[in-house]
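Examination of the molecular architecture
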Amino acid sequence: MATINFGGVEEHVVTREEFPLEKARTILQSETIAVLGYGVQGPGQALNLRDNGFRVIVGQRPDSASWRKAEADGWVAGETLFGLEEAAERGTILANLLSDAGQIAVWPTLKPHLTAGKTLYFSHGFGITFNDQTGIIPPADVDVVLVAPKGSGTSLRRLFMAGGGLNSSFAVYQDATGHAYEKAVALGIGVGSGYLFETDFRKEVYSDLTGERGVLMGALAGIIEAQYQVLRQRGHSPSEAFNETVEELTQSLVPLVGENGMDWMFSNCSVTAQRGALDWKGRFREATLPVLNELYDSVASGQEAARTIQRGSTPGYRQELEAELKEVRDSELWQTGATVRELRSRAAEKVEQEEAYALTADGN
């Protein structure tokens, strides 16, 4: 395990240099990894594990859209694709990648297949951390581990196919066999992690729920809506308000910050933008700190988990969700966004056509 300095704090990190894929294969050579659920994380993790040379099967509800997707991805019914119960029976490592609500619903069916010595694997600490609400309490004679890629299953697969890796956290909740730690790391390498940093189930889910509700989605969407509203109320056109709120953020600034850091961004913009951003960032930090602390407290108290479980299990929730998403989709802000994306796509196609024409002309 490497020791790496993160902003003046030393942390222990597992890298692929010290824990190569071949070592991971050796550790898991006698295991059958049953990926249960083929929705958000399932496809990326299952395909990466398979392509990395591990023995993998998929468990999914038959005659579902996810079952058909699994078949389209090359999983064969009766050979590598099974119903959830049969996959759980066949697997020695049960990768529970169902949704949080799905994990709660399936747990009574899944638990009998967790016989002594098996491993229960998660990519989210929700079910275990809030087990007073979920009822997910594993038998004492199985290993319980977590590998949580820091991104979607789609991103995990895309980076893997490009020869890269998505960073992941990992944790051991229960070590019944004495080998849970090495199995967790091997699985992290197997699913295509770039590097692995150790955490625990509680910290993983607290930071994850805070991030989703905060900067990653909730706060981001809220502040975008607020700035767009201010610009529109002050007489700016929809396209101008969108471009100055969303388009420049997503297409220019965020990729550059990801590549080079915020300090680089401040150093490589006009003095007008630089001075204004530096002067106002503190105001925004102080304005949002109370809200983010309130959010974290709500997560840590279990209130967010309770709300998620209650809303997700309410009859008609899917229809309510679609109504909420339709309101977002049909708003002027995001209708403008759809038009801007279409224009962007047309511009890209035009550039490709011009480049193709230039190559043809050069060839002649």
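By the naming in an unreviewed UniProt entry, the protein goes by Ketol-acid reductoisomerase and is assigned to Hymenobacter rigui. The protein has a UniProt comment under Sequence similarities (unreviewed entry) that states "Belongs to the ketol-acid reductoisomerase family." The Cofactor (unreviewed entry) field of the UniProt record for the protein holds the comment "Mg(2+)".

What follows deals with the UniProt feature "domain: KARI C-terminal knotted" (unreviewed entry) in the protein. What UniProt calls "domain: KARI C-terminal knotted" (unreviewed entry) maps, in this numbering, to residues 200–347. What you have in residues 200–347 is 86% helix and 0% strand, and the ends, taken at the C-alpha atoms, are 46 Å apart.

A sheet is described by the order of its strands in space; here 10 strands give the open sequence 1-2-10-9-8-7-6-3-4-5, paired in mixed fashion. In this open sheet, the two strands that pair with only one neighbour each are strand 1 (2–6) and strand 5 (81–82). The sheet contact formed by strand 8 (residues 143–149) and strand 9 (residues 166–174) spans six bridges and is antiparallel. Across the sheet, residue Ala148 finds its bridge partner in strand 9, namely Ser169. Packing against the sheet, helix 2 (residues 42–51) makes contact with strand 3 (33–36), strand 4 (56–59), strand 7 (119–122) and strand 8, and its axis sits at approximately 160° to strand 4.

Glancing now at the packing of helix 2 against helix 8 (residues 153–161). Interhelical geometry of helix 2 versus helix 8 gives an angle of 25° and a closest axis separation of 8 Å. Relative to helix 8, the element helix 2 is oriented roughly parallel. Contacts between helix 2 and helix 8 involve Gly44, Gln45, Leu47, Asn48 and Asp51 on the former and, on the latter, Gly153, Leu156, Arg157 and Phe160. Residue composition of the contact of helix 2 with helix 8, by class: three nonpolar, four polar and two charged.

Let's shift gears to the side chain of Thr32. With respect to the helices and strands, Thr32 occurs in the loop between helix 1 (21–27) and strand 3. Those residues in contact with Thr32 that lie beyond four places of it in its chain are Arg55, Ile57, Arg90, Gly91, Thr92 and Ile93.

Working note: regular strand, side chains alternate between the two faces of the sheet. Where burial is concerned, the two faces of strand 6 (residues 93–96) agree: the one with Ile93 and Ala95 and the one with Leu94 and Asn96 are both buried. Pairing geometry for strand 3 and strand 6, over four bridges, is parallel. Bridge pairing in strand 6 links Ala34 to Leu94. As paired strands, strand 6 and strand 7 are joined by four bridges and run parallel to one another.

A word on the domain arrangement of the protein. By convention, interface size is frequently given as the accessible area that disappears when the constituent parts associate. Domain annotation for the protein reports domain 1 (2–199) and domain 2 (212–356). One C-alpha centre belongs to domain 1, the other to domain 2, and the line joining them spans 31 Å. Domain 1 puts five residues into the contact, and the matching count from domain 2 is six residues. Of the roughly 480 Å² buried where domain 1 meets domain 2, counting both sides, 75% is carbon and sulfur surface. Broken down residue by residue, the surface that domain 1 buries against domain 2 is led by Phe126, Phe130 and Gln133, which jointly contribute 77%. Summed over the shared surface of domain 1 and domain 2, the result is zero salt bridges. At the surface where domain 1 touches domain 2, the tally comes to two residue pairs in polar contact (both at pLDDT 80 or more). Partitioning the side of domain 1 that touches domain 2 into residue classes produces three nonpolar, two polar and no charged.

Moving on to unusual backbone geometry. Despite not being glycine, Asp63 shows a phi value in the positive range, around 60°. With respect to the secondary-structure elements, Asp63 resides in the loop between strand 4 and helix 3 (65–72).

The feature "binding site: substrate" (unreviewed entry), as given by UniProt, occupies Ser270 in the numbering adopted here. Inspection of the secondary structure assignment puts Ser270 in the loop between helix 13 (262–267) and helix 14 (271–300).

What follows is about helix 10 (residues 201–213). At 3.6 residues per turn, the α-helix brings residues three or four places apart onto the same side. Helix length check: helix 10 (13 residues) gives 18 Å between terminal C-alpha atoms against 18 Å at 1.5 Å per residue, within 8%. Where helix 10 is concerned, the buried positions are Phe201, Glu204, Val205, Tyr206, Leu209, Thr210 and Gly211. Tucked into the core, helix 10 has its buried residues touching strand 7, helix 6 (126–129), strand 8, strand 9 and helix 14. One side-chain oxygen at the N-terminal end of helix 10 lies 3.1 Å from the backbone nitrogen of Arg202; it belongs to Asp200.

Each value, and the rule that gives it
- Residues numbered from 1 in each chain as written.
- Predicted model: local features only at pLDDT ≥ 70, side-chain atom pairs only at ≥ 80, totals over all residues.
- Heavy atoms only, no water.
- UniProt positions renumbered as here; feature names shortened; annotations may be inferred.
- Helix = DSSP H or I, 4+ residues; strand = E, 2+ residues; numbered from the N terminus.
- Pairing = 2+ DSSP bridges.
- Contact = heavy atoms within 4.5 Å.
- Axes fitted to C-alpha atoms, helices over the stretch in contact; angles between N-to-C directions.
- Parallel < 35°, antiparallel > 145°, perpendicular 65-115°, else oblique.
- Nonpolar A, V, L, I, M, F, W, Y, C, P; charged D, E, K, R; others polar.
- Buried < 20%, exposed > 50% of the residue type's maximum accessible area, 1.4 Å probe, protein only.
- Domains from an automatic or database assignment.
- Buried area = accessible area lost by both parts, 1.4 Å probe.
- Salt bridge = Lys/Arg side-chain N within 4 Å of Asp/Glu carboxyl O.
- Polar contact = N/O pair within 3.5 Å; in protein donor to acceptor, adjacent residues only side chain to side chain.
- Expected span 1.5 Å × (residues − 1).

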